[in-house]
Amino acid sequence: MTTPVPRKLRVATTSLAGCFGCHMSFLDIDEHLFELVELIEFDRSPLTDIKDVGPCDIGLIEGGVCNSENVHVLREFRRNCKTLIALGACAVTGGLPAQRNHLSLSECLREVYQFRPGVENGQIPNDPELPLPLDKVRPIHEVVRVDYFIPGCPPSGPAIWKFLTDLIAGRTPRLTGGLLHYD
Ligand code: SF4
């Protein structure tokens, strides 16, 4: 009798208003990536060519929410992922991009596209293909329910590895000591 092969967990990841640094830190798990792909398979992610998120066990979200497309993608992830994780300071609190929150959006746009030195006859882009910016940068928990938060800018590779191995093994993930930091 053959032993049934355990089903691999399906994992999706995305970057919203992030810098991809959290994804780079994910790749910092280095040789553990080989162990990881024995346990999981990737769904939509910057690491794959899958365009739409399908039913998943785990969704990892990097970045806060700064425009209408971010809201759409985040809601898709929440609908499709059993467990949704805010990965990194931007997803947890809005992060450094949220420093624009004390400025008016229209002033920011005018400053960059119309009044910046060297810009002549500049116009604020208004092509309907472009997602509309939100007035403020939001942490993801202000838009959808979030199951877990991993702080850090970025969280370290070892922290991400510890968190994922706990979760995959069915344990409540716990980060302590040097694995838990906010910078
Ligand atoms: S938390 Fe830091 S590393 Fe991660 S997306 Fe934000 S700025 Fe980049």
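Residues numbered from 1 in each chain as written. Predicted model: local features only at pLDDT ≥ 70, side-chain atom pairs only at ≥ 80, totals over all residues. Heavy atoms only, no water.

Residues in close proximity to the ligand include Gly 18, Cys 19, Gly 21, Cys 22, Glu 62, Gly 88, Ala 89, Cys 90, Gly 152, Cys 153 and Pro 154, which together make up its full environment. Going through the elements one at a time, α1 (21-27) and α4 (89-93) are the ones with two or more residues in the shell around the ligand. Of the residues assigned to the shell around the ligand, the class counts are six nonpolar, four polar and one charged. (Near = heavy atom within 4 Å. Helix = DSSP H or I, 4+ residues; strand = E, 2+ residues; numbered from the N terminus. Nonpolar A, V, L, I, M, F, W, Y, C, P; charged D, E, K, R; others polar.)

Quick look at the pattern of salt bridges now. Under the criterion given, the structure shown has twelve salt bridges. Of the charged contacts, one joins Arg 138 and Asp 135 as a salt bridge, the two residues approaching to 3.3 Å between their closest N and O atoms. For Arg 138, a relative accessible area of 29% puts it in the partly exposed group. When its relative accessible area of 46% is taken as the criterion, Asp 135 is described as partly exposed. (Salt bridge = Lys/Arg side-chain N within 4 Å of Asp/Glu carboxyl O. Buried < 20%, exposed > 50% of the residue type's maximum accessible area, 1.4 Å probe, protein only.)

This paragraph deals with a negative patch on the surface. Where like charges cluster on the molecular surface, the negative patch consists of Asp 28, Asp 30, Glu 31 and Glu 35. Relative to the helices and strands, Glu 35 resides in helix α2 (residues 32-39). (Patch = residues over 30% accessible without salt bridge, like charges linked within 9 Å, V, L, I, M, F, W, Y side chains within 5 Å. Areas by Shrake-Rupley, 256 points an atom, 1.4 Å probe, with all protein chains shown as cover. Lys, Arg positive; Asp, Glu negative; His and termini not counted. Charge placed at Lys NZ, Arg CZ, Asp CG, Glu CD.)

Let's shift gears to the packing of aromatic side chains. Applying the stated criterion across every chain, the model contains two aromatic pairs. Ring plane angle 80° and centroid distance 5.5 Å describe the contact between Tyr 148 and Phe 163, whose orientation is recorded as edge-to-face. With Tyr 148 in strand β7 (residues 148-150) and Phe 163 in helix α6 (residues 157-168), this residue pair connects regions lying 15 residues apart in the sequence. Classification of Phe 163 as buried rests on a relative accessible area of 4%. (Phe/Tyr/Trp six-rings, centres within 6.5 Å; stacked < 30°, edge-to-face > 60°.)

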